[in-house]
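Analysis of the macromolecular model
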Amino acid sequence: MLKFQDLSIKHKLTTIIVLTCGLMMVLFAFLFLLNEAFSFQNNARHHIAALAEVTGINAMAALSFQDPQTARELLDALRVEPNILQAAIYTAAGNRFAAYAKGHVSDIPRHIDLHNLPAPDRVRPTALSVKAGLKGLSGDFLDVFQPITLNGKRIGMVLIRADQRWVYARMKSVTMMVAGIMLVLIVLSGFISARLQRIISLPIETLSKTMQKVKHRQDYAVRVQNQRHDELGTLMAGFNDMLEQIQERDSRLEQSRRKLEEQVALRTQALGVSEAQKKKLLAQQKIQQAYGELVS
Amino acid sequence: MAFLTAQNKESTSPFATWGWTCLFVLVLLSVLPTDRSQATAFKPAQVKAAFIYNLASFVTWPDKTAQAGNEPFVIAVLGDDEIAGNLKILTRDERIRKRPVVIRRCASIAEIGVGRILFVGASMARDWSKIRKVLAGRSILTVGDSDALIRAGSMVNLIQRGRRIHLEINIEAARKAGLHFNSKLLKVARIVRSKP
C-alpha cells in the first residue's frame, strides 16, 4: 500500500481537501440529524397538544350540558390524525365521558385519577418500549393531558394517546437522504479539489522538471516561467537567480581561459617553437588549469 | 402509561379502594352538575340549576349591560322555589365573568326586571305575555322548562326526555333581545322557532 508520505504533492493536496470536507460533512450531518430527531418529536407533541386543546375547547358545551353524543363526535374528528390511537374526555371527577379509539374503546379506562396527573407538564412522552437506535430520544407513545376549563374552573380533561413510531421511519428516510447528499458532495469536493490543487502543485512540478532538465543537459540557460508573488514565486525567482549566477561564473571562466590561450599562443610564437611543442605546451597548460580548478 | 395503570393500582391495594371511594364521593359532590355519568342520581331540578348556571358561560350579553362595574351577576327565578334553592347551593362562592353570583327569588312579575338570566317556572308559564311586556327592551336571557314557553318566545328550554335534560334554544328570540349564543352551545342544543 502506498503511504501518504510517498504520495505526490498533487495527491496529498487532493486527499487533504477531500478528507477535511468529508469530516466536516459527517459532523454536520450528525448534528443535523440530532436536531431533526428532536424537532420531529417536539412538533409532534405540539401538534397533538394543539389538537387536545381544540378538542377541549369544543367539548366545553358538551360537558356543561351533559351531551356525550356531541363529545363523541368531537373525538371522532380526531380520525383525521392517523397517529392518534386513543382519545377520551373525562369529567372533573375523572369519569370517562366520551371516548374514541382506533382499536377497542374498552382499552380506555372508565375512570382515572385526575389529581395524580403530571399537572405542570401536560405534554409528556411515555416510554412503553424504547427502540434501539433512537434510545433515549423517544418513547413509542405520547400521552397528552389537556384540562378543560370554563369560567376558571376545571370541568374536565382531554386525553390523547398518539403513536410516535412514525418518527423512526421518518428519521430513517432523512438519514438515507443525508447520506446520499453527503456522498454526492464528497465526490464533488474530489473534483473541485483536484482542479484547485493545481494552483500549488503545478509550479512545484515545473520547478522540479526544470531542475531535472538542468541536471541532465548541463544547460544553465534554462529559466522557470514565473509570474507569482507568493512563497513559490520567491522560490522560482531564487532558482532563476542561482542559474544566472552559475551561468555568469561559467562565462567568466571561459573568458579567462581564452585569454590564457591567447597568451600562450603569443609566447610560443615569440619563442619560435615548433607546432608540436606548442601543442605539448597547451596540453600542459590545460592540465594545470584543470588542476587549479580542482584545487580551488 | 399513567391513565392505563391507574386502574390496576386501584384494584390491587386495599387502602386505595377505600381511599378512592372517599375521594370519588368528595370530587363528585364538588362537581356535581357536570358529571353526566352520575347525572341519573341527581334530581332534575339539580341538573336544571346546573344548566342555568352553565348557560352564563355560553351567552354574550350586549356591552352596555357588561360595563356596569362590580355589580353582581343576578339570576332571577320566578315561580320555581326548588330550582332557586338548588341554584343558591350551586352558586355559593362561585363567580361568573369575575362577578359574584346572586340568586333572586321573585315573588311577583313586578320584580323580574333586574339581572341577566330569568328562569320562569312552569307554574308561571301562563303569565308569559305579562312577563314579556316587563322584559321588553331588556337584555335578559329567559329560560323555562316547558314547551309552551319556548314556542311563545322564551330563549332557552330545559326539557326532560327520559333520564336526560336536553337543551332547546330560540336563537331568534335571543337576537331580538341583543343576546348571542356561543356556537358551541348550538352544537349541543336543539334549535326551536317561536310560533307565529
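Residues numbered from 1 in each chain as written. Chains lettered and ligands numbered in written order. Predicted model: local features only at pLDDT ≥ 70, side-chain atom pairs only at ≥ 80, totals over all residues. Heavy atoms only, no water.

Structural notes on the pairing of strand 8 (residues 164–169) of chain B
For a regular strand, the rule is simple: side chains alternate between the two faces of the sheet. All names here are of chain B. Bridge analysis of strand 7 (residues 156–161) against strand 8 gives six bridges, and the strand direction is antiparallel. Looking at the pairing, valine 156 lines up with isoleucine 169 of strand 8. Following strand 7, the chain reverses through two residues before pairing antiparallel with strand 8; glycine 162 in that reversal takes a positive phi of roughly 65°. Pairing of strand 8 with strand 10 (residues 190–191), which is carried by two bridges, proceeds in the parallel orientation. Note that in strand 10 the partner of isoleucine 169 across the bridge is isoleucine 191. (Pairing = 2+ DSSP bridges. Helix = DSSP H or I, 4+ residues; strand = E, 2+ residues; numbered from the N terminus.)

Remarks on the confidence of the model for chain B
All names here are of chain B. Here chain B averages 80 in pLDDT, while 76% of its residues score no lower than 70. Overall, residues 1–15 carries pLDDT values under 50, and its contacts beyond four positions in sequence, including any with other chains, amount to 23 contacts. A low-confidence stretch, residues 25–29 (pLDDT under 50), is modelled with five contacts involving residues beyond four sequence positions or located in other chains. (pLDDT = per-residue confidence, 0-100. Contact = heavy atoms within 4.5 Å.)

Focus on the environment of Gln86(A)
Residues and elements named next belong to chain A. Checked against the element boundaries, glutamine 86 lands in strand 1 (residues 84–91). By relative accessible area, which is 10% here, glutamine 86 ends up buried. Along the primary structure glutamine 86 and alanine 101 are separated by 15 residues, whereas in three dimensions their C-alpha atoms are 4.3 Å apart. (Buried < 20%, exposed > 50% of the residue type's maximum accessible area, 1.4 Å probe, protein only.)

Brief notes about a positive patch on the surface
A cluster of basic side chains, namely Lys10(A), Arg195(A), Arg198(A) and Lys209(A), defines a positive patch on the protein surface. As for its position among the elements, Arg195(A) is in helix 3 (residues 166–196). (Patch = residues over 30% accessible without salt bridge, like charges linked within 9 Å, V, L, I, M, F, W, Y side chains within 5 Å. Areas by Shrake-Rupley, 256 points an atom, 1.4 Å probe, with all protein chains shown as cover. Salt bridge = Lys/Arg side-chain N within 4 Å of Asp/Glu carboxyl O. Lys, Arg positive; Asp, Glu negative; His and termini not counted. Charge placed at Lys NZ, Arg CZ, Asp CG, Glu CD.)

Here's the deal with the nonpolar core
Residues and elements named next belong to chain B. In terms of nonpolar packing, the biggest core is built from 68 residues, with Leu141 and Val156 touching the most fellow members. Residue contacts for leucine 141: discarding those within four places in its chain leaves Leu55, Val59, Trp61, Arg116, Ile117, Leu118, Met155, Val156, Leu179 and Phe181. Residues Ala76, Ile112, Ile140 and Leu149 belong to the second largest nonpolar core, which totals 13 residues. (Core = buried A, V, L, I, M, F, W, Y, C linked by side-chain atoms within 4.5 Å.)

Here we look at the packing of helix 1 (residues 9–64) of chain A against helix 3 of chain A
Residues and elements named next belong to chain A. Look at helix 1 against helix 3: their axes get within 9 Å of each other, and the N-to-C directions meet at 160°. The angle between helix 1 and helix 3 falls in the class roughly antiparallel. Judged by the twist between their axes, the crossing of helix 1 over helix 3 is right-handed. Class assignment for the residues of the contact of helix 1 with helix 3 results in 20 nonpolar, seven polar and two charged. (Axes fitted to C-alpha atoms, helices over the stretch in contact; angles between N-to-C directions. Parallel < 35°, antiparallel > 145°, perpendicular 65-115°, else oblique. Left-handed = near helix turned anticlockwise from the far one by under 90°. Nonpolar A, V, L, I, M, F, W, Y, C, P; charged D, E, K, R; others polar.)

Some details on the sheet that holds strand 5 (residues 117–120) of chain B
Spatially, 3-4-2-5-6-7-8-10 (chain B) is the arrangement adopted by the eight strands of the open sheet, whose pairing is mixed. Single-partner strands in this sheet number two, and they are strand 3 (95–96) and strand 10 of chain B.

Topic: the pattern of salt bridges
According to the stated counting rule, one finds 16 salt bridges over all chains in the structure shown. Residue Glu94(B) pairs with Lys153(A) through a salt bridge whose shortest N-O separation is 3.6 Å. Highlighted residues: Glu94(B) in the loop between helix 5 (81–90) and strand 3 and Lys153(A) in strand 5 (residues 153–163), drawn from two different chains. Among the salt bridges present, the one from Arg165(A) reaches Asp163(A), with a minimum N-O distance of 2.8 Å. Given the relative accessible area of 35%, Arg165(A) is considered partly exposed. Residue classification places Asp163(A) among the buried positions, given a relative accessible area of 13%. A single salt-bridge network, built from bridges that share partners, covers Glu254(A), Arg257(A), Arg258(A) and Glu261(A).

Brief notes about the environment of Ser57(B)
For Ser57(B), the position within the fold is in the loop between helix 3 (44–55) and strand 1 (59–60). On the basis of relative accessible area, Ser57(B) is assigned to the buried category, the value being 19%. For the pair Ser57(B) and Phe181(B), spaced 124 residues apart in the sequence, the C-alpha separation amounts to 9.5 Å. Setting aside its immediate chain neighbours within four residues, Ser57(B) contacts Leu150(A), Asn151(A) and Arg97(B). Polar side-chain contacts of Ser57(B) include one of 3.0 Å to the side chain of Asn151(A). (Polar contact = N/O pair within 3.5 Å; in protein donor to acceptor, adjacent residues only side chain to side chain.)

A short note on the pairing of strand 2 (residues 73–78) of chain B
Residue and element names in this part refer to chain B. Counted residue by residue, strand 2 has six buried out of six residues, so it is predominantly covered. Across the two faces of strand 2 the burial is the same, with Phe73, Ile75 and Val77 and Val74, Ala76 and Leu78 all buried. Pairing analysis gives six bridges linking strand 2 to strand 4 (residues 99–106), with the strands arranged parallel. The residue of strand 4 that forms the bridge with isoleucine 75 is isoleucine 103. One ladder, built from four bridges, connects strand 2 with strand 5; its direction is parallel. Across the sheet, the residue bridging to isoleucine 75 is isoleucine 117, located in strand 5.

Brief notes about unusual backbone geometry
Glycine aside, the phi torsion of most residues is negative, and most peptide linkages are trans. All names here are of chain B. In this structure, arginine 97 is a non-glycine residue whose phi angle is positive, near 50°. Positionally, arginine 97 belongs in the loop between strand 3 and strand 4. We classify arginine 97 as partly exposed; its relative accessible area is 39%. Positive phi outside glycine occurs at lysine 98, with the angle close to 65°.

Some points on the packing of aromatic side chains
All told, the structure shown has five aromatic pairs over all chains when counted by the stated rule. One aromatic cluster in this structure is built from Phe65(A), Phe51(B) and Phe58(B). Seen from the ring of Phe141(A), Arg161(A) lies directly overhead, with NZ or CZ sitting 4.8 Å from the centre. Stacked on the ring of Trp61(B), the Lys or Arg Arg116(B) has its end atom at 5.5 Å from the ring centre. (Phe/Tyr/Trp six-rings, centres within 6.5 Å; stacked < 30°, edge-to-face > 60°. Lys NZ or Arg CZ within 6 Å of the ring centre and 35° of its normal.)

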